[in-house]
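Working through the structure, step by step
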Amino acid sequence: MGFEREAMQRQALLTPDAMQAADRRTIAGGTPVGTLVARAARAIFRILRAHYTRRPVTILCGPGQNGEDGLMLAALLDEAGWPVTLNLLDAGVMDESDTSSGLMRLLSPTGTFRPEAGTLVVDALFGAGLNRPIEGEARLLIEKLEASDASVLAVDLPSGIDGRTGEVLGAAAKADITVSFHRAKPGHFLGEGRRLSGRLFIADIGIVPHHDDTSALHNDPALWKQSLAVADGDTHKYARGHVAVVGGPGLKGGAARLAARAASVSGAGAVTYLAPLSGAEFAASQFDAVMVKPLTGPEELRTLIDGTASAIVIGPGMGHGRLASECLSAALESGLPCVLDADALTLYEDTPHVLFGKLHERCILTPHEGEFSRLFPGLDGDRLSRAKKASARAGAMVLLKGSTTAIAGGILPVLNTNGSAALATAGSGDTLAGLIGGFMARGIAPEVAAAAAAWVHAEAAQGAGPGFNADQLAPRIAAVLERLASS
Ligand SMILES: NC(=O)C1=CN([C@@H]2O[C@H](COP(=O)(O)OP(=O)(O)OC[C@H]3O[C@@H](n4cnc5c(N)ncnc54)[C@H](OP(=O)(O)O)[C@@H]3O)[C@@H](O)[C@H]2O)[C@@H](O)CC1
Ligand SMILES: [K+]
């Protein structure tokens, strides 16, 4: 089972170009552009009033339709008795109806813009139509805004953020709230865009959806919750999936044990931890629910593969020796779903093409930034496009970890955005690898397993206090899965 179809439409991320195509399609379908602008302004008005008490509002309007949203909002706020000041970058944005509606009296020269604490500034300078770095007068306004203590509400995107990549073009001011339309844009979650967008609201303004528009999916349980349901009734442990976790020698075993613990709470029926004797003996003293087998060569792993293993997690704490590379080859030759993390990614960092030659479509590589840049040198751009290029190069799925995690190689790339600083802790990535392996062992498709695990893993760290560490993740993952199952 793949992602849930209807949810895919709702969770679509649209680049500004795709958004403009959707806009044109909707207009061609009979909705006048003025109606869309009016709906957009009413949506902003509603969200603005829900979050701010009446206070002075300055609206910065740019030369395009983003500015028109701002003008229309000015009229609504003015009518509702809010004190509004309008700063226009280009007076040409006003047409006859604006001048006759009395908006003229709200105008103030841009040179007088002095954002103050306790006031609200609406940033409607540029949105989807931004096509070059911001300079001159517009940049001055944004820099003043960025340096101020005023509250900021951005229309569509903080002006200066590239909606496709999240990159800052010239300058951009941090918004407390961003109101965008129809669907979120990748730039709301990538690069600086995530921090600068603040709290994101997406308003429905009656744009006609079309699957061709989707460039990526915004991860959400709606996409895969059904796939996580555990079958009721007659079953036995191996039918529910059996994860083989390949660990390393004695003192390095912690990472793989964390992976095994995560696999064991994933809903899979069984987990076997394989490690050289020193690591296996210690692991046996640590585990109750996880089976432990000593590893003297790749044969023990092959026996498990020929037996009941249904997925393999390999790399955390594994080391770089001959045994490690033989086990990695055995794992990949098996054709079983396979998660490669940590040492499995660095074993071949000098000859990545050798590794890529062994991978298949049920392999998921889970690098952090450092591992990624060593395994995929020379890839630049935003996180999403780098993950896509890496996946194409490797011929496998790539999950690039970070506060926004990008997953590429499935039917559509996925951005996971519920990550927090709590996850930046030793052992967190090993836990994620184990959870993905557990889901794949259950027969869940790789792209679904990767997306579900990224979300569940990040959700398990929500609300974590300063004493949080990766040892606490597995029980918290179990609790998240229980909540999902009963919701
Ligand atoms: N899509 C929808 O369904 C709906 C969209 N809606 C709204 O429309 C917005 C998109 O409108 P848009 O296409 O007019 O683009 P927008 O962001 O206003 O900017 C274009 C203008 O800026 C200029 N310009 C660009 N870069 C510049 C720079 N660096 N420095 C200086 N100038 C620069 C560019 O000039 P040019 O390149 O032609 O010289 C052009 O004049 C979208 O964000 C949303 O708010 C809603 O109304 C609801 C329905
Ligand atoms: K804007």
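Predicted, not measured: the structure shown is a model, and the values here were computed from it. (Residues numbered from 1 in each chain as written. Chains lettered and ligands numbered in written order. Predicted model: local features only at pLDDT ≥ 70, side-chain atom pairs only at ≥ 80, totals over all residues. Heavy atoms only, no water.)

What to know about the domain arrangement of the chain
- For the chain, the assigned domains are domain 1 (5-212) and domain 2 (223-486).
- Facing nine residues of domain 1, the contacting portion of domain 2 comprises eleven residues.
- Counting each side, the surface lost to burial between domain 1 and domain 2 is near 860 Å², with a carbon and sulfur contribution of 71%.
- Between the two partners, domain 1 and domain 2, sit zero salt bridges.
- When grouped by side-chain class, the residues that make up the side of domain 1 that touches domain 2 number six nonpolar, two polar and one charged. (Domains from an automatic or database assignment. Contact = heavy atoms within 4.5 Å. Buried area = accessible area lost by both parts, 1.4 Å probe. Salt bridge = Lys/Arg side-chain N within 4 Å of Asp/Glu carboxyl O. Nonpolar A, V, L, I, M, F, W, Y, C, P; charged D, E, K, R; others polar.)

Remarks on the sheet that holds strand S14 (residues 363-365)
- Taken in spatial order, the eleven strands make up an open sheet running S1-S8-S17-S16-S15-S14-S13-S12-S9-S10-S11, and their pairing is mixed. Each edge of the open sheet carries a strand with a single partner, namely strand S1 (12-14) and strand S11 (291-294). Between one strand axis and the next, the sheet turns through 25 degrees on average, direction left out of account.
- In terms of strand pairing, S14 meets strand S15 (residues 397-400) through two bridges, oriented parallel. Each bridged residue has a counterpart across the sheet, and for Leu365 the counterpart in S15 is Val398.
- On the sheet, helix H16 (residues 383-394) packs against strand S8 (214-218), S14, S15, strand S16 (405-408) and strand S17 (414-416) and is oriented at approximately 150 degrees with respect to S15.
- The sheet strands contacting helix H18 (residues 446-460) are S14, S15, S16 and S17, and the helix crosses S15 at an angle near 15 degrees. (Pairing = 2+ DSSP bridges. Helix = DSSP H or I, 4+ residues; strand = E, 2+ residues; numbered from the N terminus. Axes fitted to C-alpha atoms, helices over the stretch in contact; angles between N-to-C directions.)

Notes on the coordination of the potassium ion (ligand 2)
- For the potassium ion (ligand 2), the full set of protein donor atoms is Asn66 (OD1), Asp123 (O), Phe126 (O), Val155 (O), Leu157 (O) and Ser159 (OG), at a range of 2.6 to 3.0 Å.
- All donors of the potassium ion (ligand 2) come from a single chain, and their spacing in sequence reads N-x56-D-x2-F-x28-V-x1-L-x1-S. Separated by 60 residues along the polypeptide, Asn66 in helix H4 (residues 65-79) and Phe126 in the loop between strand S4 (120-124) and helix H6 (136-147) bring together distant segments of the chain.
- Relative accessible area serves as the criterion here: at 9%, Asn66 is assigned to the buried category. (Donors = N, O, S within 2.8 Å, 3.2 Å for Na, K, Ca; no water. Buried < 20%, exposed > 50% of the residue type's maximum accessible area, 1.4 Å probe, protein only.)

Regarding the packing of helix H17 (residues 428-441) against H18
- Look at H17 against H18: their axes get within 8 Å of each other, and the N-to-C directions meet at 140 degrees. One way to sum up the angle between H17 and H18 is to call them oblique. Of the two elements, H17 crosses H18, and the hand of that crossing is right-handed. Across the interface between the two elements, Ser428, Thr431, Leu432, Leu435, Ile436, Phe439 and Met440 of H17 pack against Pro446, Ala449, Ala450, Ala452, Ala453, Ala454, Val456 and His457 of H18.
- Looking at side-chain class alone, the contact of H17 with H18 contains twelve nonpolar, three polar and no charged residues. (Parallel < 35°, antiparallel > 145°, perpendicular 65-115°, else oblique. Left-handed = near helix turned anticlockwise from the far one by under 90°.)

With respect to the site of ligand 1
- In the vicinity of ligand 1, 25 residues are found, and the nearest of them are Gln20, Asp69, Gly127, Arg132 and Asp156.
- Within the side chain of Asp69, one N or O atom sits 2.6 Å away from an oxygen atom of ligand 1.
- Bound to the protein, ligand 1 loses 79% of the 930 Å² it would expose on its own.
- The pocket occupied by ligand 1, as judged from atoms lying within 2 Å of grid points, is the largest pocket.
- Elements with a contribution of two residues or more to the shell around ligand 1: helix H2 (16-28), helix H3 (33-51) and H4. (Near = heavy atom within 4 Å. Polar contact = N/O pair within 3.5 Å; in protein donor to acceptor, adjacent residues only side chain to side chain. Areas by Shrake-Rupley, 256 points an atom, 1.4 Å probe, with all protein chains shown as cover. 1 Å grid on protein atoms, 1.4 Å probe; cavity = no way out; pocket = protein on both sides within 12 Å on 5 of 7 lines; lining within 4 Å. Sits in = over half its atoms within 2 Å of the grid points.)

Things to note about the sheet that holds strand S5 (residues 151-155)
- Pairing is parallel in the open sheet, where six strands are placed in the order S3-S2-S4-S5-S6-S7. One side of each edge strand has no neighbouring strand; the edge strands of this open sheet are strand S3 (84-88) and strand S7 (199-203). Mean inter-strand twist for the sheet, computed between neighbouring axes without regard to direction, equals 20 degrees.
- Pairing geometry for S5 and strand S6 (residues 177-181), over three bridges, is parallel. By the bridge assignment, Val155 is partnered in S6 with Val179.

What to know about the side chain of Asp213
- The topology assignment puts Asp213 in the loop between S7 and S8.
- Note on Asp213: relative accessible area 7%, which makes it buried.
- In this structure Asp213 touches Leu13, Leu14, Ala18, Ala22 and Arg25, once residues within four positions along its chain are discounted.

Things to note about empty space enclosed by the protein
- If you walk through the whole model with that rule in mind, you get four cavities of 30 Å³ or more.
- Here the lining of the largest cavity is composed, by residue class, of three nonpolar, five polar and two charged. (Points joined across faces, edges and corners; volume = space filled by probe spheres on them.)

A closer look at the packing of aromatic side chains
- As enumerated under the stated definition, the model contains four aromatic pairs in all.
- Aromatic side chains Phe372 and Phe376 sit 5.0 Å apart centroid to centroid with 40 degrees between the ring planes, which places their arrangement in the tilted category. Comparing Phe372 with Phe376 shows no difference in burial state: the two are buried.
- Joined through ring pairs, the aromatic side chains of Phe356, Phe372 and Phe376 make up one cluster. (Phe/Tyr/Trp six-rings, centres within 6.5 Å; stacked < 30°, edge-to-face > 60°.)

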